[in-house]
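Per-entry structural report
If you want the building blocks of each chain, they are given just below.
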Amino acid sequence: MSELKRYERPIINKQYSGFMNKFGTSPITTPKTEIDGIAVNHLVEQFGSPLFVMSERRIRENQRNAYRIFKTRYPKVQFAWSYKTNYLDAVCSVFHSENSWAEVVSEFEYDKARRLGIKGDNIIFNGPDKSREALVKAIRNKSKIHIDHFDELYLIIEITEQIQMKAEVAIRINMDVGVYPKWDRFGFNYENGEAWQAIKRIMANKNLKLVGLHTHIGTYMMSAEAYRIAATNMALLTRSIRDEYKHLLQYIDMGGGFASNNTLIGQYLPAEQVVPSLEQFADAISSGLFSLSFSAEDLPLLILETGRALVDDAGYLITSVLANKRLSGGKRALIIDAGVNILFTSFWYKHKISPAQECGVYQEEAAIYGPLCMNIDCVRESITLPSLKQGDKLIIEHVGAYDMTQWMQFITLRPNVVMVMEDKSTELIRKAETLEYIIERENLPAKFQKK
Amino acid sequence: MSKYMIPANLAVSDTGFLFMPSTGETFTLNEIGRDIFKLLQTGLTEDEVVSSICEKYDCDASTCRKDLDDFLGQLKNYSLLSEL
Ligand SMILES: Cc1ncc(COP(=O)(O)O)c(C=O)c1O
């Protein structure tokens, strides 16, 4: 028998007439067998499974595209890479080589940026937790310190007196942009006058130089209008500072928060249909900044700290099927070798998941579970997929943001991360952990040590 | 060796469509599912089904047997099959 047919698991599905299948009309799953021209099989042979893959090409495309979109709407634009979104050195370096500054929210991130050679004044230091040592460092390096609360403001004043240096500061402002929940725990409030109080305090101090204003209204924002409101408020404050103090700010920092093309759990329509485009966000911000009505040379720089929208779709997770299972109610379940400890975002996203090899056209509903021996380890409650067997590969898409920073070492070791470079070579950018790497930090009290 | 009984007047179409007149339920099967269903209707045992499938499809007997077990469980679950 030479002409054997391709085998796939026998499947039977019950049809529910009268209703459209809740996954829409039978979606066609097209396998994704390569990433930027590199075969998935090849990647797994070389680097194992699970495996995170970053695309250099995609990051650059995203960054250039975003810069063009904003730059064609407002004359002075600067991006600052949000380290917390993905602070692997290689990823940050791609952004920096596209002229992005660094936006950091901790001393650890600050030091990481400095190690990569980022000049002090190209680092924006955000966040509610800046130690005295970190502030001293930032002041000496002339970094832009975005003050979060009055205690920090007074600490900075104290330090500048001690070390006899001036600090370049901005304040973070929170405001009502019609989006709930309101992010009012960071920075100074706009509506109740707290922000203006802080500005007055800064302007009255000779050691502080107010260089900008900062806001970050939320993350995965689905409303462009919210940015128009925020930009308008920022513009009005900037104008008041000019009128009141004859002081021109260097920049307005609108933070990050643009939604990426990942569909939220509980969202019925796919993200592409409901998420505003970058053009819409840019239109909203530039129209808000119109309220400045400054002459061209007086216009402040527009800084953007865009995170997920620039990197989410540049990240992939390759994973292997460990087993097929049938749940008590008859539903199919797949167990894969990547759990929620490395795919934190599966708690809020319905990622696009595609088979990484040729597969049959017949699809079946399935749950996808990770390998952790924990009930919470559910990567997807329900998805339609063709039949897959042990060892088959899946690609989970749009995992470039937050997964590689919020991942946990739990029960097992975190996997390799590779980057497919523009020239189609592959580079290992973070080595898989080993038992030695983990226990190197531990100390076993002498009385337990075996002689 | 288990033999199975499929309710009378159940017919699976060439496109894999199955209608159960007694309940009005409909099901769809993929190509292998269809083949296995038809083989079961002719009264073949599990072993016979496995060897027949392996002659036609590119698979080994143990994979086929594992998947057949699961498939039979599904058929039973939907009351499309009873063990003799
Ligand atoms: C201050 C600040 N800037 C930028 C970002 C990046 O946000 P996103 O990834 O939603 O664009 C964050 C993330 O929450 C943030 O807190």
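Note on numbering: residues in each chain are counted from 1, in written sequence order. Chains carry letters from A onward and ligands carry numbers from 1 onward, assigned in written order. Totals for whole chains, interfaces and linings use every residue, but because this is a predicted model, local features are given only for residues with pLDDT of at least 70 and side-chain atom pairs only at 80 or more, for both listing and counting. With hydrogens and water set aside, each side-chain value is computed from the structure's full complement of heavy atoms.

**Focus: the overall build of chain B**
- Numbering of helices and strands starts at the N terminus; helices are DSSP runs of H or I of at least 4 residues and strands are runs of E of at least 2. Looking only at helices and strands, one finds three helices and six strands in chain B.
- Counted from the first residue to the last, chain B has its helices and strands arranged as β-β-β-β-α-α-β-α-β.
- Scaling as 2.2 N^0.38, a compact globule of 84 residues should have a C-alpha radius of gyration of about 12 Å, and chain B matches this with 12 Å.
- Each principal axis of the C-alpha distribution contributes one length, and for chain B these read about 35 × 30 × 20 Å.
- When the 84 residues of chain B are sorted by exposure, 46% land in the buried category. Computation of the radius of gyration draws on C-alpha atoms, with the globule rule given as 2.2 Å multiplied by the number of residues to the power 0.38. Residue exposure (1.4 Å probe, protein chains only): buried if accessible area is under 20% of the type maximum, exposed if over 50%, otherwise partly exposed.

**What to know about the pattern of salt bridges**
- The salt bridge definition used is simple: a Lys or Arg side-chain nitrogen within 4 Å of an Asp or Glu carboxyl oxygen. Enumeration over the complete set of coordinates arrives at 35 salt bridges over all chains.
- The salt bridge involving A:Glu98 is made with A:Arg60; its shortest N-O contact spans 2.7 Å. Taken together, the positions of A:Glu98 in the loop between helix H3 (89–97) and strand E7 (101–104) and A:Arg60 in helix H2 (residues 56–71) put the pair 38 residues apart, joining distant regions of the chain.
- A salt bridge links A:Glu107 to A:Lys137; the shortest N-O distance between them is 2.8 Å. A residue pair is termed long-range when its members are at least 10 positions apart, and A:Glu107 in helix H4 (residues 107–115) and A:Lys137 in helix H5 (residues 132–140) qualify at 30 residues.
- One continuous salt-bridge network, built from bridges that share partners, spans A:Arg9, A:Arg326, A:Arg332, A:Glu364 and B:Asp70.

**Focus on the interface of chain A and chain B**
- In this assembly, 21 residues from chain A lie in contact with 29 residues from chain B.
- Put simply, buried area is the surface a 1.4 Å probe can reach on two separate parts but cannot reach once they are joined, added for both. Taken together, both faces of the contact between chain A and chain B bury some 2100 Å²; the carbon and sulfur share is 55%.
- One can count five salt bridges joining chain A with chain B.
- B:Asp70 serves as the salt-bridge partner of A:Arg332, at 2.7 Å between the closest nitrogen and oxygen. Residue contacts follow a heavy-atom distance rule, with two residues in contact if any of their heavy atoms lie within 4.5 Å.

**Topic: the nonpolar core**
- Working definition of a nonpolar core: buried Ala, Val, Leu, Ile, Met, Phe, Trp, Tyr and Cys residues. They are joined through side-chain atoms within 4.5 Å. Among the nonpolar cores identified, the biggest contains 103 residues, and A:Ile171, A:Met254 and A:Ile285 are the most heavily contacted of them.
- The element best represented in this core is helix H8 (residues 224–245) of chain A, accounting for nine residues.
- One finds A:Tyr7, B:Leu39, B:Cys59 and B:Phe71 within the second-largest nonpolar core, a separate group that totals 28 residues.

**With respect to the sheet that holds strand E2 (residues 12–15) of chain A**
- In spatial order, the strands read E2(A)-E4(B)-E3(B)-E2(B); together these four strands make up an open sheet with antiparallel pairing. Edge positions in the sheet fall to E2 of chain A together with strand E2 (11–12) of chain B, since each has one partner strand and no second.
- With two bridges connecting them, E2(B) and strand E3 (residues 17–20) of chain B associate as antiparallel partners. Bridging across to E3(B), B:Val12 finds its partner in B:Leu18.
- Note on geometry: axes are C-alpha line fits, over the in-contact stretch for helices, and angles between N-to-C directions span 0 to 180 degrees. In the packing of helix H1 (residues 31–41) of chain B onto the sheet, contacts are made with E2, E3 and strand E4 (25–29) of chain B, and the angle to E4(B) comes to roughly 115 degrees. Strand pairing follows a simple DSSP-based rule, namely that at least 2 bridges must link the two strands.

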